[in-house]
Amino acid sequence: MNERVTLFGCNIDNVSMEETLERIDGFVRTGRPHQHVVVNVDKLVKASRDEGLRRIINECDLVNVDGMPVVWASRLLGKPLKERVAGIDLFEALMRRAAQKRWRVFLLGARPDVVREVAATYVRRYPGLVLAGLHDGYWQGEGAEAQVVRQVRESRADLLFVAISSPRKERFLGLYQAEMRIPFAMGVGGSFDVAIGRVKRAPAWMQTAGLEWFYRFLQEPRRMFRRYFIDDMAFLWLLIKEAARKDE
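Residues numbered from 1 in each chain as written. Predicted model: local features only at pLDDT ≥ 70, side-chain atom pairs only at ≥ 80, totals over all residues. Heavy atoms only, no water.

**So, the overall build of the protein chain**
Consideration 1: Looking only at helices and strands, one finds 13 helices and eight strands in the protein chain.
Consideration 2: Radius of gyration (C-alpha) of the protein chain: 18 Å, near the 18 Å computed for a compact globule of 248 residues.
Consideration 3: Counting only C-alpha atoms and orienting by the principal axes, one finds that the protein chain spans roughly 50 × 40 × 35 Å.
Consideration 4: Summarising the internal contacts of the protein chain: among those between residues at least 6 apart in sequence, 74% fall at separations of at least 24.
Consideration 5: About 12100 Å² of surface is accessible on the protein chain, with carbon and sulfur atoms providing 51% of the total.
Consideration 6: Averaging the positions of the 40 positive and the 32 negative side-chain charges in the protein chain gives two centres separated by 3 Å. (Helix = DSSP H or I, 4+ residues; strand = E, 2+ residues; numbered from the N terminus. Rg over C-alpha atoms; globule rule 2.2 N^0.38 Å. Contact = heavy atoms within 4.5 Å. Areas by Shrake-Rupley, 256 points an atom, 1.4 Å probe, with all protein chains shown as cover. Lys, Arg positive; Asp, Glu negative; His and termini not counted. Charge placed at Lys NZ, Arg CZ, Asp CG, Glu CD.)

Below is the structure:
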């Protein structure tokens, strides 16, 4: 087992990208269901206010940190994390690995045209990729959700990528992952849009500088203003409280 670090009430695996991929290899070999989550500033703020979300995160089999501000905070608090493992980078690495190892992949989420384009893009990019199935993220009603769960389970996928917003994707996987029986299930948020170029990723220097969020804000200022400049400002208060507890 790898070392886990507790930050802001959430348990985070202190692993590199390569160590993360090795863990996932092991999950797939077992054939048993495992849930993954990435945490960033926004998710940590949400988890501080939502006990149910925090419980789901802490029950996940693998928790990566996606966001340089959280990595910097871990260093300030004397619990340094090895590195950021960005969800989009892990998704890309796993799609490549799936083609190499003939793992079956299910894509779930986003608009119907987006998920279809993601599927077509990766089949072209990685010959040999086995698509177990796909479904958009716009189902409604208890009966529709049960049908989605059944479709995923019957696909016999090895990897499930869920491109819906937080905390809906964490709750969906928390409720149904045991029933779907997917060896590795991962929420990828808006990664489908990034993967096909509908949303541009920040330049490498901005990623390293922890400014990827600002690049995203520049692309969608009206939609992202509240998240970044109002809701996520609470992270500073969480950091102050965490530092105070450390010094006690």
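**Quick look at the sheet that holds strand 8 (residues 184-187)**
Consideration 1: Strand order in the open sheet formed by six strands is 4-3-8-7-5-6, and the pairing between neighbours is parallel. Single-partner strands in this sheet number two, and they are strand 4 (62-65) and strand 6 (130-135). Neighbour-to-neighbour, the strand axes of the sheet open up by a mean angle of 20°, direction not taken into account.
Consideration 2: Alignment of strand 7 (residues 159-163) against strand 8, held across four bridges, turns out to be parallel. Across the sheet, residue Leu159 finds its bridge partner in strand 8, namely Phe184. (Pairing = 2+ DSSP bridges. Axes fitted to C-alpha atoms, helices over the stretch in contact; angles between N-to-C directions.)

**As for the packing of helix 1 (residues 17-30) against helix 5 (residues 87-101)**
The geometry of a pair of packed helices is captured by two quantities: the angle between their axes and the separation between those axes.
Consideration 1: Contact geometry of helix 1 with helix 5 gives a least axis separation of 11 Å together with a crossing angle of 45°. Between helix 1 and helix 5, the angle is such that the two are oblique. Crossing handedness for the pair helix 1 and helix 5: right-handed. From helix 1, Met17, Glu18, Thr20, Leu21, Ile24 and Asp25 reach across to helix 5, where they touch Asp89, Leu90, Ala93, Leu94, Arg97 and Lys101.
Consideration 2: Here the contact of helix 1 with helix 5 is built from residues that sort into six nonpolar, one polar and five charged. (Parallel < 35°, antiparallel > 145°, perpendicular 65-115°, else oblique. Left-handed = near helix turned anticlockwise from the far one by under 90°. Nonpolar A, V, L, I, M, F, W, Y, C, P; charged D, E, K, R; others polar.)

From the geometry alone we can't say anything about function, so treat these as descriptive.
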